[in-house]
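Close look at the chain arrangement
Listed below are the residues making up each chain.
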Amino acid sequence: MNDLKAKVKDLFESGAINLFIGYEEGTRRPRPLFVKNAEETNKLVFDDRCSGNLAVYLTRKDLIGGKKVGIAASYYALKSINQLVSENQLSDEWLRVIGLSADGKLLEFGSLAEVSEYLKTASAPPKQNEDELVRQIEAMTMEERWQFWSDELSKCFKCYACRAACPMCYCTKCIVEVNRPQWIQPWATTLSNMEWQINRVMHMAGRCSDCGSCGEACPLGIPIHLLTHKMSETVAANFGQNGDDKGNVLSTFKPEDKENFIL
Ligand code: SF4
Ligand code: SF4
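Residues numbered from 1 in each chain as written. Chains lettered and ligands numbered in written order. Predicted model: local features only at pLDDT ≥ 70, side-chain atom pairs only at ≥ 80, totals over all residues. Heavy atoms only, no water.

Side note on the site of ligand 2
Close contacts around ligand 2 come from 13 residues, with Cys-156, Cys-159, Tyr-160, Cys-162 and Cys-218 the closest. Broken down by class, the residue content of the shell around ligand 2 amounts to 11 nonpolar, one polar and one charged. (Near = heavy atom within 4 Å. Nonpolar A, V, L, I, M, F, W, Y, C, P; charged D, E, K, R; others polar.)

Written out as structure tokens, the structure reads:
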């Protein structure tokens, strides 16, 4: 821990950053902390409880615009950072990344390209619980699955906390707010809630880090992260892992792409 505090203090004192996004102790678990000067680095914590995805703040222009920013990044935040770089949202000119390895060591990255290199060999933390739940849902008949998701999504009251928690949901105007044409009904009904989640998950194809922050943010405990977890498995099996040289699944065209789905 002292390593992180000393490192971030150095970054402030050398003028390399003037904002650091990390964690401090909260009442039940670590919570985000925006450090604005060297003195405040004393509050920082960074350990395996800090598995949330702070990359969500890196596209918040109100927070980071014009600043030199540092960030503490879990494995999943590193994946999101890598994806945001490939979408031209982040730059070495203003961002310094400090990661945490699986064995608890600080990872210092000299550039965003080094984050990408690291991810090529780093292993994702296991997601045993999600894997088991997805297998249970896969074992259902189509009718049972429809009933399961109807029951779950009937509870959704469209607070959009799942969207707010996701680093990849950074459009200034989301499809759910567009009303000419009205793509998705703004009120909460089971079917329009399904439309919202199907749209959300499709927009994540090949971009999602599988961090699970969307599911964690849902105040009603709807397991929407299982949708993105399954989607990430499908994308990885068919197109390779996110962040490799195969590009984004829904925005990359190659002449040799299969077209048999058209028939
Ligand atoms: S869709 Fe959910 S799991 Fe995927 S990056 Fe966004 S918050 Fe994380
Ligand atoms: S966070 Fe939960 S309740 Fe809110 S919009 Fe998302 S699924 Fe619905």
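There's more to say after this.
Details of the pattern of salt bridges
With the rule as written, the count across this model stands at 14 salt bridges. Two residues, Glu-216 and Arg-29, come together in a salt bridge whose shortest N-O distance is 3.2 Å. Taken together, the residues Glu-216 in helix H9 (residues 213-217) and Arg-29 in the loop between strand E1 (19-24) and strand E2 (31-35) connect sequence positions 187 residues apart. With a relative accessible area of 54%, Arg-29 lands in the exposed category. (Salt bridge = Lys/Arg side-chain N within 4 Å of Asp/Glu carboxyl O. Helix = DSSP H or I, 4+ residues; strand = E, 2+ residues; numbered from the N terminus. Buried < 20%, exposed > 50% of the residue type's maximum accessible area, 1.4 Å probe, protein only.)

A look at the packing of helix H6 (residues 142-153) against helix H8 (residues 190-204)
Following both chains from N to C, one finds H6 and H8 inclined at 100°, their axes separated by 9 Å at the closest point. Between H6 and H8, the angle is such that the two are roughly perpendicular. Contact residues: Trp-146, Trp-149, Ser-150 and Leu-153 in H6; Thr-190, Leu-191, Asn-193, Met-194 and Gln-197 in H8. Residues of the contact of H6 with H8, tallied by class, amount to five nonpolar, four polar and no charged. (Axes fitted to C-alpha atoms, helices over the stretch in contact; angles between N-to-C directions. Parallel < 35°, antiparallel > 145°, perpendicular 65-115°, else oblique. Contact = heavy atoms within 4.5 Å.)

Comments concerning unusual backbone geometry
Going from Arg-180 to Pro-181, the amide bond is cis rather than trans, its omega being 0°. By secondary structure assignment, the location of Pro-181 is in the loop between helix H7 (161-164) and H8. A positive phi is found at Tyr-160, a non-glycine position, where the angle reads about 65°. With respect to the helices and strands, the residue Tyr-160 is situated in the loop between H6 and H7. By relative accessible area, Tyr-160 is classed as buried at 13%. For Asp-210, which is not a glycine, the phi torsion comes out positive at approximately 70°. Counting through the fold element by element, Asp-210 comes out in the loop between H8 and H9.

Observations regarding the packing of aromatic side chains
All told, the structure shown has six aromatic pairs when counted by the stated rule. Aromatic side chains Tyr-160 and Trp-196 sit 5.0 Å apart centroid to centroid with 90° between the ring planes, which places their arrangement in the edge-to-face category. One end of the pair, Tyr-160, is in the loop between H6 and H7; the other, Trp-196, is in helix H8, and 36 residues separate them in sequence. Residue Tyr-160 shares its accessibility class with Trp-196, and that shared class is buried. (Phe/Tyr/Trp six-rings, centres within 6.5 Å; stacked < 30°, edge-to-face > 60°.)

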